[in-house]
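# Observations on chain architecture
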Amino acid sequence: MKPSPFEYVAPTSMEEALAVLAGDPDETKVLAGGQSLVPMMNFRLARPERLVDINRIPGIAGTDVVADRLVIRTRTRHLALQNTSLPGPLGHLLRHAAAKVGHLPIRTRGTFGGSLAHCDAASEWCLVASLLDADITAESQARGSRTIAAADFFRSIFTTALEPDEILTSVSLPLLDDSWTAGIAEFARRAGDFGIVTATAAVQVVDGTVTEARVSLGGVGEVPFRSVAAESTMRGEAWTTDLITAAAQAAAEEVDPPSDIHGDAAYRRDLVRALLPRALGRP
Amino acid sequence: MIGARALRIEDPVLLRGNGRFAADTVRAGELHMRVVRSPVARGRIVTVDVSRALLLDGVVAAWTHDDIAELPAIGFRLTPRDDLLPYRQPVLARNEVRYVGEPVAVVFARSAYLAEDAADLVELDIEPLSAHLDSDADPVPWVDAEQATWAAGLGRDLPAQDSEATEFTTEYGDVERAFAKAVAAGGPGTHRIVEMDARVGRHSGVPMECRGLCAVYDEAEQLLVVDGAAKVPFWNREAVAAMCGLPPHRVLVRETHVGGGFGPRGELYPEDVLVAVAAMRLRKPIKWIEDRQEHLTTTNHSRDQHHRMRALVRVEDGWIEALDATFALDQGAYVRTHGATVASLTASMLPGPYVIPHFRVVARVRLTNKTPAGTYRSPGRYEGTFARERLVDKIADELGLGRAEVRRTNFIRADQMPYERPIQAMGTHLVHDSGDYALLLDKVSETFDFAGIRAEVERRRAGGEVVGFGFGFFVEKSGIGPVEGARVTVDVAGQVTLTCGASSVGQGVDTVLAQVVAEQLDIGHDSIRVVRGRTDQFEYGRGAFATRLAVMAGSAAANAAENLAQKAKRVAAHQLKVSVEELELRGGSVVVVGRPEEALALGEIAGLLEPIGAGRLKEEPGLSTDGWFRTDHMTYPYGLHAALVRVDRGTGQLHIERFIVGYDVGRALNPTLVEGQIAGGVAQGIGGAVYEEFRYADDGTPTCTTFMDYLVPTLHEIPDVEMLVTEDAPSPINPLGVKGAGEGGTTAVAAAIASAVDDALRIPDAIRSVPIRPAHLRRLLA
Ligand SMILES: Cc1cc2nc3c(=O)[nH]c(=O)nc-3n(C[C@H](O)[C@H](O)[C@H](O)COP(=O)(O)OP(=O)(O)OC[C@H]3O[C@@H](n4cnc5c(N)ncnc54)[C@H](O)[C@@H]3O)c2cc1C
């Protein structure tokens, strides 16, 4: 369990990092928290010739509120989000999602940007980004900065819209006012494991009626799955427990999950049915 | 001192990070070994080409089977049977590979990184063959005549062998007649037949420290030094010496600290032989440290048994008149050092705490293209207890009797002890040395208020929760002989050293042995130096396995310390001009009873015993004595496990809310360590009952090769274990009255949890296999 030989570069500015990447984009990998990349290198499943470590670059961690959005810079550690004091439903969602990412040591190193770039279908951050239609900003030396909508970002398992010469620099999420309820419910065999199925949901209720509904599910496909069926079941309807049950049923019918040693398709559907209400605070 | 909650003398070193584990041995110029392993479950080796690996700078050697063709297959340490010999494992694969992970070639390089780079360059041309994975299926051809003859090494030709390595029957009474008589009696009469089909999945001990070994041939001392051994250093010395063509006294095997044993760690594996042979051939220090993926695919697997049982029971009270059982054990691809140990223990311990006048079990050990299997904490008992206790639950449920009541009906009674079953266990007569099973059941039920737990279950059920309570009863075995020895030495400064042939896998044996000596000499235990696990410091040691050391080494240490006290008293009697009977040991001195001012410290006595003085005293020089303990029988501790569980209706997630253990160890030398053993054992038992399983794809590719897929439970999944350790049945067959505590935390975990889950689901006989998966529970609840 030792990686194959690689070169290691630790630039102190984003320009330098982008230049290193531009020099040999296909054989260079960005090293952020290392919590996914390093195990893959140790198993020799990834054999990059060069690592460009972004941990010495100033100014690329932390969050800011800009107008009605929260900007999360790429190297923000999971733990920082678990401890965020951001008020309202978004703060609640971020704290609860972060707490479900691995174990404490992993959360002290792993990063928000790294999770999105890595694109594991069960990742809590990929689900949150998908749920809230995040805007994802990436930079390259050749083409400068661009913003990618979450819906276009997650392509397939471990594959995103990022080009090999790009670095993901920040992500923005809409601040949710108090008319929203947002949450996450995850099923894993052991504490700290990747969820077998994870449900995230955000619902806006005005005068007892659902005005906006978003549901994104993990563990049911190669990338986070936005359940159109569940969302449209809820939109415009009276906010009741029965409605949530119906939405969960609709989502369970809509998904086409894979089967593996952790759970077959039928079971994953059962989990969707059980978890979606829990994400919205109903057991 | 004996019976005290004494602090572990091992801990100050370990807690400061000063321990020396296998990888901590670093020698100048050492070479790192990396094993190239089969990527396929079964295939014919066409070529193995190491030439590209040898071209890499820093690579010193690379071998295939041809390079070590003279090495025989690896031998059996325990329970050898001739019919198993053709299934022994070669050090490197020979003609055919039989499991994913089987060593095919090996490289030696200047760093662990280079060694892995080089291993990548070894080219394997293996023609895949279809893998055989089902140990329930009829046997298939396994080794051809050539391989069988070679592997057996008997010097005579053997025919080809099929995948059933052995089948044997263990029995007493007359099962056939008992069943026939019941049928003859006819009608819906007094007896009924109850059947059980039970499976325990493939899992094993996963110590924190993976395997590892460092060896160097010391030219100056003419000695092959092997560091990092565990569990059975003396046996491994003999085996390594034989493999290297050295006499045993030219091999020194040293145990370093060991990060957990549990059965698999410390056995002699192909890698151990390669390290030792390479140290001899290459005349360089050789180091091999296993990584976790290797560990999960190549270190002994265990369990994986399928039991089928028929019991003839009396309808009136659930008395089991006869038990007719068979089981198949999935041995994996080779038979390793444990020979038929697991099958044999499964068979002989199957009746457990019950009388069962007529008993027969047919054991079948079958080969498959999986990682070879061996022992794991409570081998054979975990599996057999699960099957038997499931059966007893079913008997109770079918007859409408209480689960506790049926057990009471069948228990061997206290007044029947010692109770001899006319069968053998590990080559000894199976004699339950002492025990009061009904008393333990009563005590545990009262202490933990089983009636109250039941009432709570009913209450919560009424509130819609899926909760249940269940238990299992078991008999363990411990203290296998034949012999263990110890030497107690006091120097002129009065400092005490205990030297022995014991081994430590982290269980705290140093502490317990020190306590035993401290008790005799009336001194503190923490100043005693314990030397063990080094083949040049003591003549003999059978090792740390089968929960044997507290009994065996403990008794030997007690005898050695007793002998030392006698010798010290003889000298003191001479010096103080009193009789030996007037003397006693007090605080490390020999004192005259009633006149404490007349005393000689042990250090002073050691001074008197310096060679010249000893001659005058007509004593052997030095205050040092040996003690030995021999036994032909094992001791049989026993216990009860109970679980309170809740199942999440939506997800099927199983929550073990409470886990209760009652265990009688005869005498707890150190209750804290007994409790530690139990708690750790329970955690591993829960692993096998709920989380851990080595699974395989249809082509024989293992699918659980990392901790993401092989789910070892963590602190979050294990409840605080509630315990009642009793001393109601001291063993009459050793001086301390002790029975071992190492395995009883594990034995009945699967049985208890399955029973509780049945109860939670309110479906009798719902759980017939472990691990219990949430998807399965969810389906049962739907
Ligand atoms: C035991 C364990 C349990 C875990 N459990 C969970 C879990 O439950 N949920 C979960 O979501 N994650 C889990 N993780 C993964 C963890 O959250 C990782 O931190 C995360 O997936 C990747 O973030 P990172 O910063 O560590 O990225 P790295 O490992 O450094 O990189 C991952 C990939 O992303 C690329 N990358 C990283 N940053 C950038 C960037 N700024 N721009 C472009 N590409 C980039 C890298 O090149 C690499 O390909 C677990 C990890 C471990 C070891």
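Note that the structure is predicted; figures quoted are calculated from it, not measured.

## Remarks on the overall build of chain B
From N to C terminus, chain B includes 20 helices and 31 strands. Radius of gyration (C-alpha) of chain B: 28 Å, near the 28 Å computed for a compact globule of 782 residues. Once the C-alpha set of chain B is aligned to its principal axes, its extents read approximately 85 × 75 × 50 Å. With 782 residues in all, chain B has 63% of them scored as buried.

## Comments concerning the pairing of strand β2 (residues 43–49) of chain B
Residues and elements named next belong to chain B. The sheet contact formed by β2 and strand β4 (residues 96–97) spans two bridges and is antiparallel. Opposite arginine 44, over in β4, you have glutamate 96 as the bridge partner. Bridge analysis of β2 against strand β6 (residues 123–128) gives six bridges, and the strand direction is antiparallel. Following the sheet pairing, arginine 44 is matched in β6 by glutamate 127.

## Focus on the interface of chain A and chain B
Listed by partner, the interface residues are 25 residues for chain A and 33 residues for chain B. Counting each side, the surface lost to burial between chain A and chain B is near 2400 Å², with a carbon and sulfur contribution of 53%. Broken down residue by residue, the surface that chain A buries against chain B is led by Arg189, Arg190 and Ile261 of chain A, which jointly contribute 32%. Linking chain A with chain B are seven salt bridges.

## Notes on the site of the ligand
All names here are of chain A. Neighbouring the ligand are 31 residues, the closest being Val30, Gly34, Leu37, Thr111 and Glu124. At a separation of 2.8 Å, an oxygen atom of the ligand approaches a polar backbone atom of glycine 33. Relative to its unbound accessible area of 960 Å², the ligand is 89% covered by the protein chains. Looking at the shell around the ligand, the elements that each hand over two or more residues are β2 (28–31), α6 (112–118) and β10 (167–174). The element that contributes the greatest number of residues to the shell around the ligand is α6, accounting for four residues. For the shell around the ligand, the class distribution of residues is 12 nonpolar, 14 polar and five charged.

## Quick notes on the sheet that holds strand β9 (residues 164–172) of chain B
All names here are of chain B. Read from one edge to the other, the open sheet built from six strands follows the order β9-β17-β16-β15-β10-β31, with strand pairing classed as mixed. The open sheet has two edge strands with one neighbour each: β9 and β31 (769–770). In this sheet, strand β17 (residues 358–367) lies alongside β9 in antiparallel orientation, the contact comprising eight bridges. Bridge pairing in β17 places threonine 169 opposite valine 362. Across the sheet, helix α9 (residues 341–349) lies against β9, β15 (302–314), β16 (320–332) and β17, angled at about 165° from β16, the strand it touches most.

## Quick notes on the domain arrangement of chain A
Residues and elements named next belong to chain A. By the assigned domains, chain A splits into domain 1 (7–53), domain 2 (63–174) and domain 3 (180–279). One C-alpha centre belongs to domain 1, the other to domain 2, and the line joining them spans 19 Å. The interface is formed by 14 residues belonging to domain 1 together with 14 residues belonging to domain 2. For the pair domain 1 and domain 2, the summed buried surface comes to about 1200 Å²; carbon and sulfur atoms form 73% of the total. The largest share of the area that domain 1 buries against domain 2 comes from Met14, Leu18 and Gln35, three residues that together contribute 38% of it. The tally of links between domain 1 and domain 2 comes to zero salt bridges. Between domain 1 and domain 2 we count zero residue pairs in polar contact (both at pLDDT 80 or more) in total. With six residues, helix α1 (residues 14–23) is the single largest residue contributor to the side of domain 1 that touches domain 2. Among the residues forming the side of domain 1 that touches domain 2, the class breakdown is 10 nonpolar, three polar and one charged.

## Focus: the environment of serine 769 of chain B
Residue and element names in this part refer to chain B. Positionally, serine 769 belongs in strand β31. Take serine 769: its relative accessible area is 34%, and that puts it in the partly exposed class. As a C-alpha pair, serine 769 and lysine 284 span 485 residues in sequence and 49 Å in three-dimensional space. Apart from residues lying up to four places away in sequence, serine 769 is in contact with Arg199 and Phe386.

## Description of the packing of helix α18 (residues 671–691) of chain B against helix α19 (residues 749–761) of chain B
All names here are of chain B. One way to put it is that α18 packs onto α19 with a least axis distance of 8 Å and a crossing angle of 55°. The angle between α18 and α19 places the two elements in the oblique class. Pair α18 / α19 crosses with right-handed handedness. When α18 is examined against α19, the residues Val682, Gly685, Ile686, Ala689 and Val690 are found in contact with a partner set consisting of Val749, Ala750 and Ile753.

## Overview of unusual backbone geometry
Residues and elements named next belong to chain B. In the segment running from methionine 417 into proline 418, the intervening peptide bond is cis, with an omega of -10°. Here the residue pair glycine 481 and proline 482 is connected by a cis peptide bond, since its omega of 0° sits within 30 degrees of zero. Mapped onto the fold, proline 482 is located in the loop between β20 (466–475) and β21 (483–490). Positive phi is not limited to glycine here, since alanine 546 has a value of about 55°.

## Describing helix α5 (residues 175–185) of chain B
Residues and elements named next belong to chain B. Burial in α5 covers these residues: Val175, Ala178 and Phe179. All buried residues of α5 lie within an arc of 90° about the axis, which places them on one face of the element. Seen from the open side of α5, the exposed residues pointing more than 90 degrees away from its buried face are Glu176, Arg177, Lys181 and Ala184. Of the surrounding secondary structure, the elements contacted by the buried residues of α5 are β10 (191–203), β15, β16 and β17. Between the side-chain oxygen of the N-cap and the backbone nitrogen of glutamate 176 there are 3.4 Å, and the N-cap of α5 in question is aspartate 174.

## Overview of the side chain of serine 4 of chain A
One can find serine 4 of chain A in the segment before β1 (7–9). Overall, serine 4 of chain A belongs to the buried group, its relative accessible area being 10%. What serine 4 of chain A contacts, discounting residues up to four positions off in sequence, is Arg44 and Arg47 of chain A together with Asp117 of chain B.

## Things to note about the packing of aromatic side chains
All names here are of chain B. A full pass over the atoms with the stated rule returns 17 aromatic pairs over all chains. Pairing tyrosine 437 with tyrosine 638 gives two aromatic rings, centres 4.7 Å apart and planes at 65°, and the pair type is edge-to-face. In this pair, tyrosine 437 sits in helix α12 (residues 437–447) while tyrosine 638 sits in strand β28 (residues 638–647), placing the two residues 201 residues apart along the sequence. Tyrosine 638 carries the same exposure label as tyrosine 437, and that label is buried. Here the aromatic residues Tyr354, Phe411, Tyr437, Phe473 and Tyr638 are joined through ring pairs into a cluster of three or more.

## A word on the sheet that holds strand β29 (residues 654–664) of chain B
Note on sheets: strands pair through backbone hydrogen bonds, and any given pair is parallel or antiparallel. Residue and element names in this part refer to chain B. Across the sheet, which stays open at both edges, the four strands sit in the order β20-β28-β29-β30 with mixed pairing between neighbours. The sheet is open, and its two borders are formed by β20 and β30 (721–726), each paired with just one other strand. The average undirected angle you get between the axes of adjacent strands in this sheet is 10°.

## Structural notes on the domain arrangement of chain B
All names here are of chain B. By domain assignment, chain B separates into domain 1 (11–158 + 210–257 + 265–298), domain 2 (302–479 + 633–781) and domain 3 (483–630). Taken over C-alpha atoms, the centre of domain 2 sits 40 Å from the centre of domain 3. Between domain 2 and domain 3, a total of about 1300 Å² is buried, with carbon and sulfur atoms accounting for 68% of that surface. Seen at the junction of domain 2 and domain 3, the total is zero salt bridges. Scanning the region where domain 2 abuts domain 3 turns up four residue pairs in polar contact (both at pLDDT 80 or more).

## Here we look at the pattern of salt bridges
Oppositely charged side chains can form a pair if their charged atoms are brought close together. Counted according to the given criterion, the structure contains 94 salt bridges over all chains. Here the salt bridges share partners, and the residues they tie into one network are Arg44 and Arg47 of chain A together with Arg34, Arg37, Glu116, Asp117, Asp120, Arg211, Glu271, Glu290, Asp291 and Glu294 of chain B.

## Comments concerning the environment of phenylalanine 194 of chain A
Position of phenylalanine 194 of chain A among the secondary structure elements: in the loop between β11 (180–187) and β12 (197–206). Phenylalanine 194 of chain A gets classed as partly exposed once you look at its relative accessible area, which sits at 41%. The residues touching phenylalanine 194 of chain A, leaving out its near neighbours within four places in the chain, are Asp120, Ala122, Glu186 and Ala188 of chain A together with Met708 of chain B.

## Side note on helix α11 (residues 403–410) of chain B
All names here are of chain B. Along α11, the residues that are buried comprise Arg403, Val406, Arg407 and Asn410. When α11 is viewed along its axis, its buried side chains cluster within an angular range of 100° and face the same direction. The elements touched by buried residues of α11 are β16, α10 (381–399), β20 and α19.

What counts and how
Residues numbered from 1 in each chain as written. Chains lettered and ligands numbered in written order. Predicted model: local features only at pLDDT ≥ 70, side-chain atom pairs only at ≥ 80, totals over all residues. Heavy atoms only, no water. Helix = DSSP H or I, 4+ residues; strand = E, 2+ residues; numbered from the N terminus. Rg over C-alpha atoms; globule rule 2.2 N^0.38 Å. Buried < 20%, exposed > 50% of the residue type's maximum accessible area, 1.4 Å probe, protein only. Pairing = 2+ DSSP bridges. Contact = heavy atoms within 4.5 Å. Buried area = accessible area lost by both parts, 1.4 Å probe. Salt bridge = Lys/Arg side-chain N within 4 Å of Asp/Glu carboxyl O. Near = heavy atom within 4 Å. Polar contact = N/O pair within 3.5 Å; in protein donor to acceptor, adjacent residues only side chain to side chain. Areas by Shrake-Rupley, 256 points an atom, 1.4 Å probe, with all protein chains shown as cover. Nonpolar A, V, L, I, M, F, W, Y, C, P; charged D, E, K, R; others polar. Axes fitted to C-alpha atoms, helices over the stretch in contact; angles between N-to-C directions. Domains from an automatic or database assignment. Parallel < 35°, antiparallel > 145°, perpendicular 65-115°, else oblique. Left-handed = near helix turned anticlockwise from the far one by under 90°. Arc of directions from axis to C-beta. Phe/Tyr/Trp six-rings, centres within 6.5 Å; stacked < 30°, edge-to-face > 60°.

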